[in-house]
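Now for the letters of each chain:
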Amino acid sequence: MAHLLQVGAGSGGMPVLDMVCRERRFSRITLIEPDVYKRHNVERHLFPAGAVGRPKAELARDWLAERRPDLEVRILACDLCDPDAQSVIDEAAASADIGVCAADNETAKYHWDALMRRHGKPWTLGEVLSGGIGGFVHWFRPGGPCYGCVASFLQRSAVPVAKPNVPDYSQPNGLGETTLPASKASIQAIASLHALVTLALLDHPDDYSPGFTSLLLTLQHVPDVFDEAFRPYRFRIPRSAECLICRTAAGPGPSSPEELDVALDQALARLGHG
Amino acid sequence: MGLLDSEAGKRRLLTVEIPVIERYNEGREPAYKIQLVRLGSSLVLRYRLKPCHNVYQLETRLVSSYPTVPPEIRVLTALKHCPHLLEGQTLCLWRQGSTGMTSGWDPAPYTCVFAVRAAWRWLACYEIWHDTGEWPLPEAK
C-alpha cells in the first residue's frame, strides 16, 4: 500500500487527487495546500459553493473521507516553499512512494523538483495551458531529467506551444503575465491524463516507459498555435548534462549544512571586496 | 528555492554562480570586477561595464527565488530616458517578476553572468540608440 505526497488541491490538483485516491493502491495521503476556497473557485472546483471560506486542504480531506474512509490523510496547510515548513515536508517526502505536483507557479515546481530529487522519489506534474487550449503531463524519476531540463527543452523546441521567447519590449509596463481561465472540462481532461500517468508510474517506478517524458495534448484548434484539436505530442526529453538545476545537486562541495554556510561566507567575503 | 536560506539555493551559489563570477573576474581590471554583496534575503552583484564609449555602474539583484525568477538589473549611472528602460533605471531584458515560458529567462542554462552579458548588450544598444535614435535589436521592436 502506497503513500502519496501531493502539493496543490486547486481546480487541477483536486480531480487528480480524487481519481488516484479511488484506487485501493494508496493507503496514505499527505497533502500540502495552504489556500482557502474562494468564491471564484466554485466554477471550476469539485467543492460546493457552501464551502467557500474553508481551507482547501480540509475540504479535500473531507472529500476523501467520504469516499475512502480507510485512507489515512494528513494535511499540511502550509506553503510548499515556507522555510519553517521544510522539515515536516522533508519528513513526508522521505516516506512517500510517489509525488504529485499540482502547483500553479514555477517557483513551487522547481522547489518540488528539488524535494523529489533529494529524496529519490518519482513524481508527476500536470499543466493546463492558458484558456484550456491543451495541457501537459510530465513524469519524472530519480536520475532522469529534472523539471529544469524539461522546462528548458520545451521552451526551445516545442514550437507549437512555445514560440521563441524574446523579451516583450512592446509592453514595458505591462509586467503581469496574461492568462485566461481554462474550462472545467479542459482541466478535467488533463487531470485525467495526469492521474493515469501517476498510477502507471506507481506500478512501474523503475521501468515505466510510456514513450514520452512530456505529453502535450491539444484540446482546441488555435490558429498559429495548434493546427488541430485533440492531437498528442510526445516529447522524449533526455537529462541535460549542462542543466544547472540538476547538476547543482550532484556537484561537489561541502557535505554538512555548517560546512555549506562556512564555504558561502568565505566566498561572499572573497567577492565582497572590489 | 530560497537562495540564501535553503540548501539547494546555497549549493547553486557555491557550485554555479560563484564559480562563474570568479571566472568572469579572473584577469579583469579591478575596477571592472563583479563584487557580490548580501542584502537581506537577496544577493547583489555590483559592477561596471564599458560597452563602447562610456562606463556604467550597475547592480544585478538575485532575489530569494532566483534562479526561478530572473535577476533584476539596474543601471546606477544616469541614463537618458529611452525605450526598454523601466522605472528605477531597471533594464527591460525579460519580464521582471515573471517566470517560465513567458519571461525569456531560463534557469537551467543561464547564470548571473549571463545577465551581466545581457546588460552589456543592452548598454551597447543604448549607445547606438543615443547616437542614431534607432534601437538596433530587431526582436526588441
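All residue numbers refer to positions counted from 1 along the written sequence of the respective chain. The naming scheme follows written order: chains are lettered A onward, ligands numbered 1 onward. Residue-level local features of this predicted model are given only where pLDDT is at least 70; pairs of side-chain atoms are given and counted only at 80 or more, and the full residue set underlies all totals for whole chains, interfaces and linings.

1. So, the overall build of chain A
Working step 1: Along the backbone of chain A there are eight helices and eight strands.
Working step 2: Residue burial is a threshold on neighbouring C-beta atoms within 10 Å of the residue's own C-beta, all placed from the backbone, with 20 or more meaning buried, 12 or fewer meaning exposed, and counts in between meaning partly exposed. Here chain A, with 274 residues, has 38% of them falling under the buried criterion.
Working step 3: Partitioning the contacts of chain A with sequence separation of at least 6, the portion at a separation of at least 24 is 67%. Strands here are runs of E lasting at least two residues and helices are runs of H or I lasting at least four, both read from the DSSP assignment and numbered beginning at the N terminus. Each residue gets a C-beta atom placed from its backbone, and two residues are in contact if those atoms lie within 7 Å.

2. Observations regarding the overall build of chain B
Working step 1: On a plain count of helices and strands, chain B comes out with two helices and six strands.
Working step 2: If you list the helices and strands of chain B from N to C, you get α-β-β-β-β-β-β-α.
Working step 3: With the radius of gyration taken over C-alpha atoms, the globule rule is written as 2.2 Å times the number of residues to the power 0.38. Here the C-alpha radius of gyration of chain B, 15 Å, is about what a compact globule of 141 residues would show, namely 14 Å.
Working step 4: Along the longest, intermediate and shortest principal axes, the C-alpha atoms of chain B span 50 × 35 × 25 Å.
Working step 5: Residues counted as buried form 40% of the 141 residues belonging to chain B.
Working step 6: Residue pairs in contact within chain B that sit at least 24 positions apart in sequence constitute 45% of those at least 6 positions apart.

3. Looking at the confidence of the model for chain B
Residue and element names in this part refer to chain B.
Working step 1: Counting all residues, the mean pLDDT for chain B is 88, and 90% of those residues have values of 70 or more.
Working step 2: A residue's pLDDT is the confidence the predictor assigns to it, expressed on a 0 to 100 scale. When pLDDT is averaged over each helix and strand of chain B, the minimum, 90, is found for strand 5 (residues 85-86) and the maximum, 97, for strand 3 (residues 56-62).
Working step 3: Taken together, the stretch residues 96-101 has pLDDT below 50 and engages in 17 contacts with residues farther than four places along the chain or on a different chain.
Working step 4: What the predictor reports for the complex is a pTM of 0.86 with an ipTM of 0.85.

4. Thoughts on the nonpolar core
Working step 1: Leu4, Val7, Leu17, Ala60, Leu80, Cys101 and Trp112 of chain A are the most contacted members of the largest nonpolar core, which totals 67 residues.
Working step 2: In terms of residue count, the dominant contributor to this core is helix 6 (residues 184-203) of chain A (seven residues).
Working step 3: Non-local contacts of Val7 of chain A, meaning those with residues more than four positions away in its chain, are made with Ile32, Leu80, Cys101, Ala102, Ala103, Ala108 and Trp112 of chain A.
Working step 4: Working definition: the nonpolar core is a set of buried Ala, Val, Leu, Ile, Met, Phe, Trp, Tyr and Cys residues, joined through C-beta atoms within 7 Å. Counting residues in each nonpolar core, the second largest holds 33 residues, with Ile34, Leu36, Trp94 and Trp122 of chain B among its members.

5. Description of helix 2 (residues 112-132) of chain B
All names here are of chain B.
Working step 1: With 21 residues, helix 2 extends 30 Å from end C-alpha to end C-alpha; this agrees with the ideal 30 Å at 1.5 Å per step.
Working step 2: Along helix 2, the residues that are buried comprise Cys112, Ala115, Val116, Ala118, Ala119, Trp122, Leu123 and Tyr126. Each buried residue of helix 2 sits inside an arc of 155 degrees when the element is viewed along its axis, so together they form one side. Every exposed residue of helix 2 that faces more than 90 degrees away from the buried side is listed here: Asp131 and Thr132.
Working step 3: Considering only its buried residues, helix 2 is in contact with helix 1 (7-25), strand 2 (42-49), strand 3, strand 4 (72-75) and strand 6 (90-91).
Working step 4: At the exit of helix 2 stands Gly133, carrying a positive phi of roughly 80 degrees. Multiply 1.5 Å by the residue count of a helix minus one, and that product is the helix's expected span. Directions from the helix axis toward the C-beta atoms define the arc.

6. Topic: the sheet that holds strand 8 (residues 232-235) of chain A
All names here are of chain A.
Working step 1: Pairing is mixed in the open sheet, where eight strands are placed in the order 3-2-1-4-5-6-7-8. Of all strands in the sheet, those with a lone pairing partner are strand 3 (72-76) and strand 8, marking the two edges. Along the sheet, successive strands turn relative to each other by an average axial angle of 15 degrees, direction set aside.
Working step 2: Interaxial angles span 0 to 180 degrees and are taken between N-to-C directions of axes, which are lines fitted to C-alpha atoms, for helices over the stretch in contact. Its contacts with the sheet place helix 1 (residues 13-21) against strand 1 (2-7), strand 2 (26-32), strand 4 (98-101) and strand 5 (123-128), and it is angled at close to 165 degrees to strand 2. A pair of strands counts as paired when DSSP detects no fewer than two bridges linking them.

7. Things to note about the pairing of strand 3 of chain A
Residue and element names in this part refer to chain A.
Working step 1: Bridging between strand 2 and strand 3 involves five bridges; their strand directions are parallel. Directly across from Ile29, in strand 3, lies its bridge partner Val73.
Working step 2: Handedness of a crossover is defined as follows: orient the strands so they point away from the viewer, and if the path from the first strand over the helix to the second runs clockwise, the crossover is right-handed. In the classification by handedness, the crossover that spans strand 2, the intervening helix 2 (residues 56-67) and the parallel strand 3 is right-handed.

8. Quick word on helix 6 of chain A
Within an α-helix, residues lying three or four positions from one another point in the same direction, as the helix has 3.6 residues per turn.
Residue and element names in this part refer to chain A.
Working step 1: Relative to the 28 Å expected for 20 residues at 1.5 Å per residue, helix 6 spans 28 Å between its end C-alpha atoms, a close match to the ideal helical length.
Working step 2: Considered for burial, the residues of helix 6 that qualify are Ser186, Ile187, Ala189, Ile190, Ala191, His194, Ala195, Val197, Thr198 and Leu201.
Working step 3: On the buried face of helix 6, the contacting elements are helix 1, strand 4, strand 5 and strand 6 (134-140).

9. Examining unusual backbone geometry
Working step 1: Note that the residue after Tyr66 of chain B, namely Pro67 of chain B, is joined by a cis bond; omega there is 10 degrees.
Working step 2: Summarising the element assignment, Pro67 of chain B is placed in the loop between strand 3 and strand 4.
Working step 3: For Asp224 of chain A, which is not glycine, the phi torsion reads 70 degrees and is therefore positive.
Working step 4: Along the chain, Asp224 of chain A turns up in the loop between strand 7 (214-218) and strand 8.
Working step 5: At Phe230 of chain A, a residue that is not glycine, the phi angle is positive and equals roughly 60 degrees.
Working step 6: Exposure remark for Phe230 of chain A: the 12 C-beta atoms within 10 Å place this residue in the exposed category.

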